[in-house]
Amino acid sequence: MIVNDPPIPFKIVEVTTIVTFKDDWDEKIWKRVQLNAKVISLFYNALSVNEYNKITACETAKQILDRLEIEHEGTPQVNESNINRLMHQFEIFKMQEHEKITDLMTWFPHIINSLK
């Protein structure tokens, strides 16, 4: 459902996009619209209040997924910047004088897991 956006059928008349009337929908279209509503409901129920506030303006499940992907994974430029930052942290990783070995053992896996 998320991949095959939009669930509501459109007709293109010359250069204008017009939403078709519900009376013109066949059974297949109704099922797609209902499935989209179910997926949206799943997102609404599964997400925290902060996440919910980010997606309330979205009208389709595909829009919700796209918004959440950008929010959590970032754009390709942000991802590359994060990878560069983490690689730099990995390359200069060493124990500081004031650190305990337990601090070191928690921070190193954090860098590695973030890079994965």
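Residues numbered from 1 in each chain as written. Predicted model: local features only at pLDDT ≥ 70, side-chain atom pairs only at ≥ 80, totals over all residues. Heavy atoms only, no water.

**Examining the overall build of the chain**
- Across its full length, the chain carries five helices and two strands.
- Along the chain direction, N to C, the helices and strands of the chain fall in the order β-β-α-α-α-α-α.
- Residue burial in the chain is summarised as follows: out of 116 residues, 18% are buried.
- Considering only contacts in the chain between residues 6 or more positions apart, those separated by 24 or more positions represent 34%.
- Entry remark: accessible area of the chain is about 9300 Å², with carbon and sulfur atoms responsible for 57%. (Helix = DSSP H or I, 4+ residues; strand = E, 2+ residues; numbered from the N terminus. Buried < 20%, exposed > 50% of the residue type's maximum accessible area, 1.4 Å probe, protein only. Contact = heavy atoms within 4.5 Å. Areas by Shrake-Rupley, 256 points an atom, 1.4 Å probe, with all protein chains shown as cover.)

**Re the packing of helix H1 (residues 27-46) against helix H3 (residues 61-73)**
- Where H1 contacts H3, the axes come no closer than 9 Å and their chain directions differ by 35°. On H3, the residues touching Asn36, Val39, Ile40, Phe43 and Tyr44 of H1 are Ala61, Ile64, Leu65 and Leu68.
- Per-class residue counts for the contact of H1 with H3 are eight nonpolar, one polar and no charged. (Axes fitted to C-alpha atoms, helices over the stretch in contact; angles between N-to-C directions. Nonpolar A, V, L, I, M, F, W, Y, C, P; charged D, E, K, R; others polar.)

**Quick look at the nonpolar core**
- By size, the foremost hydrophobic cluster in this structure holds eight residues: Val39, Ile40, Phe43, Ile55, Cys58, Ala61, Ile64 and Leu68.
- Of all the elements in the fold, those that place two or more residues in this core are H1 and H3. (Core = buried A, V, L, I, M, F, W, Y, C linked by side-chain atoms within 4.5 Å.)

**Regarding the packing of aromatic side chains**
- Taken as a whole, this structure holds four aromatic pairs when the rule is applied.
- Note on tryptophan 25 and tryptophan 30: the rings are 4.9 Å apart at their centroids and 65° apart in plane angle, and the pair reads as edge-to-face.
- By way of ring pairs, the aromatic residues Phe90, Phe93 and Phe108 are connected into one cluster. (Phe/Tyr/Trp six-rings, centres within 6.5 Å; stacked < 30°, edge-to-face > 60°.)

**Remarks on the pattern of salt bridges**
- All chains considered together, the criterion is met by three salt bridges.
- In this structure, the salt-bridge partner of glutamate 51 is lysine 54, at a minimum N-O distance of 3.4 Å. Of this pair, glutamate 51 and lysine 54 both sit in helix H2 (residues 49-55), three residues apart, which is roughly one turn of that helix.
- Residue glutamate 51 is classed as buried on the basis of its relative accessible area, which comes to 13%.
- Between lysine 62 and aspartate 66 there is a salt bridge, with the nearest N and O atoms lying 3.3 Å from each other. Residue lysine 62 and its partner aspartate 66 are located together in helix H3, separated by four residues, close to a single helical turn.
- For lysine 62, a relative accessible area of 25% puts it in the partly exposed group.
- For aspartate 66, a relative accessible area of 28% corresponds to the partly exposed category. (Salt bridge = Lys/Arg side-chain N within 4 Å of Asp/Glu carboxyl O.)

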